[in-house]
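Spelled out, the chains give:
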2 protein chains.
Amino acid sequence: MEITKESIADWLKNLQIQICNTLEKADGLKNFTNETWERKEGGGGITRIINEGSVIEKGGVLFSAVSGDAPDFLYKEKEHTATTSSPYRKNEMGRLPQFFATGISIVIHPQNPMVPIIHMNIRYFEMSNGVKWFGGGIDLTPHYIVEEDAIFFHNELKKVCDKHNPNYYTKFKKWADDYFFIPHRNETRGIGGIFFDRLNSDDEMTFEKNFNFWKDVGTGFAPIYIQLIAKNKHKPFTEKNKQWQLLRRGRYVEFNLVYDKGTQFGLQTNGRVESILMSLPKFASWEYDFKPEKNSEEEKTLQLLKRA
Amino acid sequence: MEITKESIADWLKNLQIQICNTLEKADGLKNFTNETWERKEGGGGITRIINEGSVIEKGGVLFSAVSGDAPDFLYKEKEHTATTSSPYRKNEMGRLPQFFATGISIVIHPQNPMVPIIHMNIRYFEMSNGVKWFGGGIDLTPHYIVEEDAIFFHNELKKVCDKHNPNYYTKFKKWADDYFFIPHRNETRGIGGIFFDRLNSDDEMTFEKNFNFWKDVGTGFAPIYIQLIAKNKHKPFTEKNKQWQLLRRGRYVEFNLVYDKGTQFGLQTNGRVESILMSLPKFASWEYDFKPEKNSEEEKTLQLLKRA
């Protein structure tokens, strides 16, 4: 079967439903809302939000498929890297290249500080001139780093990668480590995961093989996260744990508003603000010059996040 | 008396003490901390923070005076605007131009949602090649806009401006309206105030006259704010008011992390993170697609903040 943009978007729409169903079962209390929106310039999306659940305090599973004239910077950027110079300028009919972009974005902020924050995104992009690629990733931000969970999480991602390409896990883990970093804090956002972009047919991988890898990242997300939920959701926690959770969420806000490329791109291109900023937690906190107690669990986590 | 950078920094240091004393009296419960820090490349500062006071939930009054080799972008930027081309490059001794920057920055987040957030900054900058200027401003971010308070606030700022130059209030009010704006929300951060930059000797104003104006902005801050505190600190408030305060603080975080030039400059130039981010509130909140109730006070405030 030919891989068309329509079939990819349909696959994603279906995945959105599956993921929401799985997360609703894991939450046990609340369901996701279901809101459809349209984009004036072409396309639209389905935004699904869960709020004040039993396990999830705030979470979003967002699908979108948008299209239209390729923005200036897109084909300008391409001119530098393209092997042929013509396809990125106006074609013979004087019409701008068209773009199509579809994807799912997920951020889950749990209630219990012992359950990690998770983020997942898979995206597909194509232009009328033939450019097309897959991007995405999954990364974990525990409020408290638990070695066993970190090993489990990375091992699951490694299995997904290894099934398709022996080099992908190492390469995409490094990419995540580089990307989910807060320079002004000299801290990683969490324990990383995998991150990849512009996959087409590199590394002896065909476009179709990368499509299969990309789909496995998407379907791999929910089973991995619900295991982390099940293992940690009943752990007891104190006021101090809750305060630390709010401070770590403050860092999450700093990363997303200052560095995250998707967020910046969205805000600068007049994207749908509520969808872009669904990644922000329900509550966050900043304390001046907060220092965790010596030898506390908070200090241990912070030391693991600090870059040497 | 000659206006030297040393005398300006001394004046600011003294103002910092005065402002903290006045705010401590207004709070009645907590005092400011007093922390001195040094900058490896030259200069340093005094950071004063108040936390969980009776009136002020989190506030900072920060003095700094830093110096050293002018960063690349500073003299590169100048090359475009300079009337002579030489002073901004290395001088005959092959030494980079030196810069000196001193100022006070204040952000106060009150406990009671009926008391507005306030921000004040005054800064002085000079370079060894003779470039020198004043900048600064005061702006107010009420969680609930009260017309009487807004009129009082702007009128006080107008008085400060009018004393020195009949054009300054109109000019600097517009500057504040343009600056304290959140494009992705199409909202102003608050009700504005005044904002100015690179004042030297324009508009029939000498450097000395602008210095006197600038000093009056600095000394004007505390008396204006303590009146707003006194008038509003005993007003009753509900859980709903508190929730709205947290959401408005979320907008404050969005502005400061995404748009504020001082914050961006600080984070990009490896500034002192805890000082730069003292502007962030102790607690903030984000709710997906929050819409205030019809005809509520929250809706009225939001309508006033939305740009037509």
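The structure we're discussing is the one just above.
Below is a short write-up of the structure.

Procedures and definitions
- Residues numbered from 1 in each chain as written.
- Chains lettered and ligands numbered in written order.
- Predicted model: local features only at pLDDT ≥ 70, side-chain atom pairs only at ≥ 80, totals over all residues.
- Heavy atoms only, no water.
- Salt bridge = Lys/Arg side-chain N within 4 Å of Asp/Glu carboxyl O.
- Helix = DSSP H or I, 4+ residues; strand = E, 2+ residues; numbered from the N terminus.
- Expected span 1.5 Å × (residues − 1).
- Buried < 20%, exposed > 50% of the residue type's maximum accessible area, 1.4 Å probe, protein only.
- Contact = heavy atoms within 4.5 Å.
- Buried area = accessible area lost by both parts, 1.4 Å probe.
- Polar contact = N/O pair within 3.5 Å; in protein donor to acceptor, adjacent residues only side chain to side chain.
- Nonpolar A, V, L, I, M, F, W, Y, C, P; charged D, E, K, R; others polar.
- Pairing = 2+ DSSP bridges.
- Least-squares fit on C-alpha atoms with pLDDT ≥ 70 in both.
- 1 Å grid on protein atoms, 1.4 Å probe; cavity = no way out; pocket = protein on both sides within 12 Å on 5 of 7 lines; lining within 4 Å.
- Points joined across faces, edges and corners; volume = space filled by probe spheres on them.

### Thoughts on the pattern of salt bridges
Residue and element names in this part refer to chain A. Under the criterion given, the structure shown has 49 salt bridges over all chains. Between Lys159 and Glu156 there is a salt bridge, and its shortest N-O distance comes to 2.9 Å. Within this pair, Lys159 and its partner Glu156 are both found in helix α3 (residues 147-162), separated by 3 residues, close to a single helical turn. One network of salt bridges, in which partners are shared, links Glu187, Arg248, Arg251 and Lys306.

### Digging into helix α1 (residues 5-27) of chain B
Residues and elements named next belong to chain B. Its 23 residues give α1 an end-to-end C-alpha distance of 33 Å, which sits within 8% of 33 Å, the value for a rise of 1.5 Å per residue. Buried within α1 are the following residues: Ser7, Ile8, Ala9, Leu12, Leu15, Gln16, Ile19, Cys20, Leu23, Glu24, Ala26 and Asp27. As for α1, its buried residues are in contact with β2 (43-51), β3 (56-69), β4 (98-110), β5 (117-127), β6 (132-141) and α5 (207-232). Count one or two residues on from α1 and you reach Gly28, which has phi positive near 80°.

### Things to note about the interface of chain B and chain A
Many structure descriptions define interface size as the accessible area lost when the parts assemble. Of the residues lining the interface, 28 residues belong to chain B; the matching set on chain A comes to 28 residues. Of all residues in chain B, Glu274(B), Trp286(B) and Tyr288(B) give up the largest surface area on contact with chain A, accounting jointly for 30% of the area buried on that side. Run the count over chain B and chain A and you get 2 salt bridges. Two residues, Arg185(A) and Glu274(B), come together in a salt bridge whose shortest N-O distance is 3.0 Å. At the junction of chain B and chain A, the tally comes to 15 residue pairs in polar contact (both at pLDDT 80 or more). Per element, the largest residue contribution to the side of chain B that touches chain A is 5 residues, and it comes from helix α6 (residues 239-258) of chain B. Of the residues belonging to the side of chain B that touches chain A, the class tally is 15 nonpolar, 4 polar and 9 charged. In the sheet, strand β10 (residues 283-285) of chain A pairs with strand β10 (residues 283-285) of chain B via 3 bridges, with the strands oriented antiparallel. Following the sheet pairing, Ala284(A) is matched in β10(B) by Ala284(B).

### Some remarks on unusual backbone geometry
Residue and element names in this part refer to chain B. In the Ramachandran plot, Glu52 falls in the positive-phi region, its phi being about 55° despite a non-glycine side chain. Inspection of the secondary structure puts Glu52 in the loop between β2 and β3. With phi around 55°, Arg198 is a residue other than glycine that occupies positive phi space. Tracing the chain through its elements places Arg198 in strand β9 (residues 192-199).

### As for the relation of the copies chain B and chain A
In this arrangement, two copies of a chain are superimposed by a rotation about an axis accompanied by a shift along the axis. Of the transformation placing chain B onto chain A, the axial shift is 0.0 Å and the rotation is 180°, giving an RMSD of 0.0 Å. In short, the pair behaves as if placed about a two-fold rotation axis. Mapped onto chain A, 100% of the interface residues of chain B again fall at the interface, so both copies present the same surface.

### Regarding the environment of Ile226(B)
All names here are of chain B. Take Ile226: it is sitting in helix α5. With a relative accessible area of 29%, Ile226 lands in the partly exposed category. Sequence separation between Ile226 and Ala26 is 200 residues, and the spatial gap between their C-alpha atoms is 6.4 Å. In this view, Ile226 contacts Thr22, Leu23 and Ala26; residues no more than four positions away in its chain are not counted.

### A look at empty space enclosed by the protein
Under the definition given, this model contains 4 cavities of 30 Å³ or more. Along the wall of the largest cavity there are 15 residues; nearest its centre are Arg185(A), Leu247(A), Arg251(A), Glu287(A) and Phe290(A). No other element matches the 4 residues that helix α6 (residues 239-258) of chain A contributes to the lining of the largest cavity. Across the lining of the largest cavity, the residue classes break down as 8 nonpolar, 1 polar and 6 charged. Of the pockets and cavities examined, the second largest cavity occupies roughly 60 Å³. Lining the second largest cavity, in full, are Met114(B), Pro116(B), Leu140(B), Pro142(B), Tyr144(B), Ile145(B), Val146(B), Asp149(B), Ala150(B) and Asn232(B).

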